[in-house]
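# Examination of the molecular architecture
Spelled out from the first residue to the last, the chains are:
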Amino acid sequence: MNNYNDFKSGDFIADPAFRAWVYGFKQQSDIDWEYIASQSHSVGKEMEIARLFLKNIEDKTIPVSDLYIERFSERILENHRKLSPSIKLSSRRWYEVSSRLFYMAAAIIMSFGIGWFYYTYSQKQSVNTDSISWAAPEQKLTSRVNRTKSPELVVLKDGSKITLQPNSTITYHEAFDGAERNVQLEGEAFFDVVKNPDRPFLVYFNDLTVRVLGTSFNIRSYGKEEGSRVTVKTGKVSVSANRETSPPQNHTDLSSSAIMLTANQEVFYKKAQGYFERSVASRTQIVDKTISENDFVFNETPLSTIFSKLDKAYGIPIIFDEQQIYGCSLTASLADEPLLEKLNLICRTMNGSYEVIDGQIVINIKSCRNSLQ
Amino acid sequence: MNEMFENHQEPISDNGVWDMFKKGDDKSLSILLSRHFRPMLHYGSKFTKDRFLVEDVIQDLFLEFLEKRDRLGDPVSVKNYLFKCLRNNLIRALKSRGEELDLVEDQDLAVESENMEMFLIALDDSAELSVKMSNYFSLLTSRQRECLFLRYYQDLSNDEIAQIMGINKQSVSNLLVRSIAILKENWVHILIYFLSFTD
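Residues numbered from 1 in each chain as written. Chains lettered and ligands numbered in written order. Predicted model: local features only at pLDDT ≥ 70, side-chain atom pairs only at ≥ 80, totals over all residues. Heavy atoms only, no water.

## Structural notes on the packing of aromatic side chains
- The full count for this structure, using the stated rule, is 31 aromatic pairs over all chains.
- Taking 5.4 Å as the distance between ring centres and 80° as the angle between the ring planes, the aromatic pair formed by Tyr43 of chain B and Phe47 of chain B counts as edge-to-face.
- Assessed through its relative accessible area of 13%, Phe47 of chain B is described here as buried.
- With a centroid separation of 5.2 Å and an interplanar angle of 15°, the aromatic rings of Phe149 of chain B and Tyr153 of chain B are classed as stacked. One end of the pair, Phe149 of chain B, and the other, Tyr153 of chain B, are both in helix H8 (residues 142-153), four residues apart, so they sit about a helical turn from each other. In this structure, Phe149 of chain B and Tyr153 of chain B share a single accessibility class: buried.
- One aromatic cluster is present, formed by Tyr23 and Phe25 of chain A together with Tyr43, Phe47, Phe83, Phe149 and Tyr153 of chain B through successive ring pairs.
- One Lys or Arg, Lys342 of chain A, reaches over the ring of Phe296 of chain A and ends 4.5 Å from the middle of that ring.
- Positioned above the aromatic ring of Phe21 of chain B, the side-chain terminus of Arg69 of chain B is 4.8 Å from the ring centre. (Phe/Tyr/Trp six-rings, centres within 6.5 Å; stacked < 30°, edge-to-face > 60°. Buried < 20%, exposed > 50% of the residue type's maximum accessible area, 1.4 Å probe, protein only. Helix = DSSP H or I, 4+ residues; strand = E, 2+ residues; numbered from the N terminus. Lys NZ or Arg CZ within 6 Å of the ring centre and 35° of its normal.)

Right, here's the structure in full:
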């Protein structure tokens, strides 16, 4: 056992057990550091210097949930599978290659077959497939498929714009004049919907329905992915799970599994588990037109004012304890950063942290007595 | 495969997981990431404030591993190998974005021989101390901060740091010694400043 009473700050810094304690690597330390610090003023001082030194080395850690990492990992595997098969062919054996070619050929033949099927049916003007059960008879359906490698713009008859991502398909009534504006999506698309309170705009995808009046949002829902993601840019969006394959008769009566999203929020729906996870979009933008990026230059501004301004600008609820941050102020320029980066910078300066819980932000700043002003 | 992970009494070593990854087991990817994603993100944030760039580089790195999984080597330490790859790719990505990186060693920094503790003790206001300590860290070069991070936070040896940073062992110890020395130097200035006010 070391004689800690003779330790200088440099010795504490070099001590692995001390570092593990400062960084909280272990639940419980074998050594009672607080007791040692309380034994003598000078040793306590040395320890405090060492602790501050180590804390500055650690700097900020970015809070990441296990779920986030899980999804990150799934995304990598997904992207790996999407990479062109030609790269993979080289490392495969001949019989794997031939079976792969067989499936590819089968897929091509099938898609021709399906295309012919659709063509003949639309000629007869009576479409009835399982996936588009809301198609009323005597109505002609149109499909747009993006087979290119870049996004394509589709303008609907009501003026709404859809940016269709590669390998994505939208299907809608060609006339587009019903009481509801219905679109079916497979893949990913950004929707900029013209406002019309009398004619709700509905997007069907995966097992979900998005319902809006007039707003802009992005949906990512590739069939082979494990879930769907809806990200709202402006306005409000309602997302609900379909209990049946066909949409409910009464759309105003949304089931309890509906979730409301506002600008800069997003929701991830995991198909297998059937649950929604609401969070904050990674690329945020200011929704309050009266506030510009230049308003995020602060000079001795109280923290509560800053948080209220962020709340108002991005429309994301920011929850903080007035008492905790009473008297805290900040001098910094936070212009031109996304919301989460702005919060990172604030929390880092204030030695605090934040969490995103159900599309809201919860701030945890202990007090600013010890931080930079 | 799943049973192997779940019924195993001891957690499988990094090298064990790496081996399974090489043999084509996809579950091993999520285990590797559950162990190393946070440290990699943390390390990457020493080079850029752009968290999403770091994530992109990590993603591309693992995609590359997946592409050539049957041809991957056997690193002594998986973590160190990941750090080294992340560092190289991240620096390349930052350079291609035209960002300035102060990764050149500063040879001309004087090494102070005096004792930093002597000066630190003289300052007895703990709040003041924390402010000053952060200010001093802002004076260190990013390479010095990186070196301190690997040595004291990641608990790596000078040899391991040398491998990750691609410099020799002597340069590592120089960087570490100078990181302490630069502190000493500045504590002196601050103390002089401090005393001239209290007179």
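Picking up where we left off.
## What about the side chain of Asn89 of chain B?
Residue and element names in this part refer to chain B.
- Here Asn89 lies in helix H5 (residues 78-96).
- Asn89 sits in the buried class, given a relative accessible area of 16%.
- Contacts of Asn89, omitting those with residues within four sequence positions, involve Val57, Leu61 and Glu64. (Contact = heavy atoms within 4.5 Å.)

## Observations regarding the interface of chain A and chain B
- Contact with chain A, which involves 48 residues of that partner, is made by 46 residues of chain B.
- Buried surface at the junction of chain A and chain B, both sides included, amounts to about 4300 Å², of which 66% is carbon and sulfur.
- A per-residue breakdown of the area chain A buries against chain B is headed by Phe53, Ile57 and Phe72 of chain A, which together make up 14% of the total.
- Counting across the interface, chain A meets chain B through two salt bridges. (Buried area = accessible area lost by both parts, 1.4 Å probe. Salt bridge = Lys/Arg side-chain N within 4 Å of Asp/Glu carboxyl O.)

## Concerning the packing of helix H4 (residues 41-58) of chain A against H8 of chain B
- Here H4 of chain A crosses H8 of chain B at 115°, and the two axes come no closer than 9 Å. Taken as axis vectors, H4 of chain A and H8 of chain B run roughly perpendicular relative to one another. The hand of the H4 of chain A/H8 of chain B crossing is left-handed. Within the contact between the two elements, H4 of chain A uses Phe53, Leu54, Ile57 and Glu58 of chain A and H8 of chain B uses Leu148, Phe149, Tyr152 and Tyr153 of chain B.
- For the contact of H4 of chain A with H8 of chain B, the per-class residue count stands at seven nonpolar, no polar and one charged. (Axes fitted to C-alpha atoms, helices over the stretch in contact; angles between N-to-C directions. Parallel < 35°, antiparallel > 145°, perpendicular 65-115°, else oblique. Left-handed = near helix turned anticlockwise from the far one by under 90°. Nonpolar A, V, L, I, M, F, W, Y, C, P; charged D, E, K, R; others polar.)

## Here's the deal with the sheet that holds strand S15 (residues 318-319) of chain A
Residues and elements named next belong to chain A.
- A sheet is described by the order of its strands in space; here three strands give the open sequence S15-S18-S17, paired in mixed fashion. Of all strands in the sheet, those with a lone pairing partner are S15 and strand S17 (353-357), marking the two edges.
- When S15 meets strand S18 (residues 360-364), the two strands line up parallel, connected through two bridges. Its bridge partner lying in S18, Ile318 is registered against Ile361. (Pairing = 2+ DSSP bridges.)

## A word on the pairing of strand S6 (residues 201-205) of chain A
All names here are of chain A.
- In terms of burial, S6 is a largely internal element, five of the five residues being buried.
- Side-chain alternation along S6 places Phe201, Val203 and Phe205 on one buried face and Leu202 and Tyr204 on a second face that is also buried.
- One ladder, built from four bridges, connects strand S5 (residues 181-192) with S6; its direction is parallel. In the sheet register, Arg181 faces S6, and the bridge partner there is Phe201.
- Note: S6 against strand S7 (residues 208-212), five bridges, orientation antiparallel. Counted as the bridge partner of Leu202 is Arg211 from S7.
- Here S6 folds back onto S7 in antiparallel fashion, the turn holding two residues, of which Asn206 has a positive phi close to 50°.

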